[in-house]
Amino acid sequence: MAAAGKIDPMHQFMINPIGSDQLAATPFQFTNSALWMLVVLAVIVVFMWGGLKRELVPGRWQASVEYLTGFLGNVATQSIGPEGRKYLPWIFTAFTFILVANWLGAMPFGIVPAAHPFTVTSQFSITGTMSIISFAIVLGVGFYKHGLHFFSLFVPKDTPLALKFFIAPVEVISFLVRPFSLGLRPFIAMFAGHILLDVFGNFVIQGINSGGPVGYGVSVLAFAFVVFVGALELLVGAIQAFVFALLTALYINDAVNLH
Amino acid sequence: MDLASAQVIGAGIAAIGVGAAGVGVGFVFGSFLQGALRNPAAAGGQTGTLYIGFAAAELLGLMAFAVAMIILYAR
């Protein structure tokens with residue numbers, strides 16, 4: 001870090017066991033990441049459970065749950081076709097997990113000292129694992145439905161023979177890069193947003209500490225910016241969850257209906 | 001030039017890519033609006049395509065940001 005200050009925006013991404021600040025040598029530890037994954041799961045379960053009353057005229061809660069399931073059902077059926085509902089469970093899981101994790105991580109629980117939120121999706125190991133699951137589904141479905149014919153995915157239909165030799169390697173590279181870009185996107189979006197929040201939050205405090213009209217001016221500006229970025233972070237969290245679900249549906253579509 | 005100042009300069013140069021991605025994202029949404037205002041009836045069905053284009057453009061900016069962070073915090 002530059003010599004300018006004590007701003008250390010990377011500290012918020014540290015994975016630590018609960019009640020300690022040092023990882024031990026064993027892999028079996030209950031870390032803050034694990035804790036917040038369980039919190040995310042609990043929020044999703046409570047939200048869905050509250051909407052499963054099956055009333056004829058839905059109340060607000062049931063209507064919001066039905067809107068969520070209907071929305072994701074549309075994503076699946078519009079991208080994949082009538083078969084899409086078979087793949088809805090994973091699309092729904094990925095969307096709700098990323099969405100709730102993004103939003104919980106942006107919540108200001110830190111006002112209570114011990115309850116500092118940890119953004120689960122700001123670690124590539126989490127989003128990368130989710131994109132690997134997506135591609136396990138793509139490969140499994142593709143090879144199960146089409147057998148070795150699945151490799152024709154790499155050669156678009158009606159390509160002139162001379163072009164095939166150029167297009168096939170490009171398509172292979174494009175296919176191999178997809179898992180990385182799919183997992184990288186939600187991860188970096190959260191990573192970048194939280195670094196921005198941390199840096200400008202530090203500007204607020206350092207401005208107050210330095211005092212004087214310039215210091216307070218900087219504080220006020222930085223605070224306004226933090227509020228703006230905080231709102232933007234909610235939007236970005238929703239968009240990234242939607243993009244992950246949509247791209248997963250599109251990649252599954254490639255495997256289900258070879259182009 | 002010592003390592004720390006070289007890191008800060010390099011991170012600043014790498015962050016130019018974020019602005020370039022901003023141009024790309026603006027172009028995606030601007031073009032969508034141009035098309036959508038000419039044929040509002042067809043716009044609703046194209047939001048999925050819109051977000052794919054947005055995601056492709058935004059990913060490059062995010063990658064530029066990640067590179068800047070790696071340069072800045074590499075030891």
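Describing the pattern of salt bridges
Residue and element names in this part refer to chain A.
- Enumeration over the complete set of coordinates arrives at three salt bridges over all chains.
- Its salt-bridge partner being Lys86, residue Glu83 comes within 3.4 Å of it at the nearest N-O pair.
- Accessibility expressed as a relative area gives 28% for Glu83, which makes it partly exposed.
- Overall, Lys86 belongs to the exposed group, its relative accessible area being 55%.

Structural notes on the packing of helix 2 (residues 60-80) of chain A against helix 3 (residues 88-105) of chain A
Residues and elements named next belong to chain A.
- Helix 3 packs onto helix 2 with a crossing angle of 125° between their chain directions and a minimal axis gap of 10 Å. Considering the angle they form, helix 2 stands oblique to helix 3. Along this stretch, helix 2 crosses helix 3, giving a crossing that reads as right-handed. Contacts between helix 2 and helix 3 pair Leu68, Thr69, Phe71, Leu72, Gly73, Ala76 and Ile80 from the former with Leu88, Ile91, Phe92, Phe95 and Thr96 from the latter.
- In terms of residue class, the contact of helix 2 with helix 3 is made up of nine nonpolar, three polar and no charged.

A short note on the interface of chain B and chain A
- In this assembly, 16 residues from chain B lie in contact with 19 residues from chain A.
- For the chain B and chain A pair, buried surface summed over both sides reaches about 1600 Å², with 82% attributable to carbon and sulfur atoms.
- Linking chain B to chain A there are zero salt bridges.
- At the boundary of chain B with chain A, the tally comes to two residue pairs in polar contact (both at pLDDT 80 or more).
- Among the residues forming the side of chain B that touches chain A, the class breakdown is 13 nonpolar, one polar and two charged.

Quick look at helix 3 of chain A
- Its 18 residues place the ends of helix 3 of chain A 25 Å apart at the C-alpha level, agreeing with the 26 Å of an ideal helix rising 1.5 Å per residue.
- Helix 3 of chain A sits mainly inside the fold: 15 of its 18 residues count as buried.

A few points about the packing of helix 4 (residues 124-146) of chain A against helix 5 (residues 161-210) of chain A
All names here are of chain A.
- The interhelical angle for the contact between helix 4 and helix 5, taken along N-to-C directions, is 145°, at an axis separation of 8 Å. As for the relative orientation of helix 4 and helix 5, their crossing is right-handed in sense. Contacts between helix 4 and helix 5 involve Phe124, Thr127, Gly128, Ser131, Ser134, Phe135, Val138 and Leu139 from the former and Phe175, Arg178, Pro179, Phe180, Leu182, Gly183, Leu184, Pro186 and Phe187 from the latter.
- Grouping the constituent residues of the contact of helix 4 with helix 5 by class yields 11 nonpolar, five polar and one charged.

The rules behind each value
- Residues numbered from 1 in each chain as written.
- Chains lettered and ligands numbered in written order.
- Predicted model: local features only at pLDDT ≥ 70, side-chain atom pairs only at ≥ 80, totals over all residues.
- Heavy atoms only, no water.
- Salt bridge = Lys/Arg side-chain N within 4 Å of Asp/Glu carboxyl O.
- Buried < 20%, exposed > 50% of the residue type's maximum accessible area, 1.4 Å probe, protein only.
- Axes fitted to C-alpha atoms, helices over the stretch in contact; angles between N-to-C directions.
- Helix = DSSP H or I, 4+ residues; strand = E, 2+ residues; numbered from the N terminus.
- Parallel < 35°, antiparallel > 145°, perpendicular 65-115°, else oblique.
- Left-handed = near helix turned anticlockwise from the far one by under 90°.
- Contact = heavy atoms within 4.5 Å.
- Nonpolar A, V, L, I, M, F, W, Y, C, P; charged D, E, K, R; others polar.
- Buried area = accessible area lost by both parts, 1.4 Å probe.
- Polar contact = N/O pair within 3.5 Å; in protein donor to acceptor, adjacent residues only side chain to side chain.
- Expected span 1.5 Å × (residues − 1).

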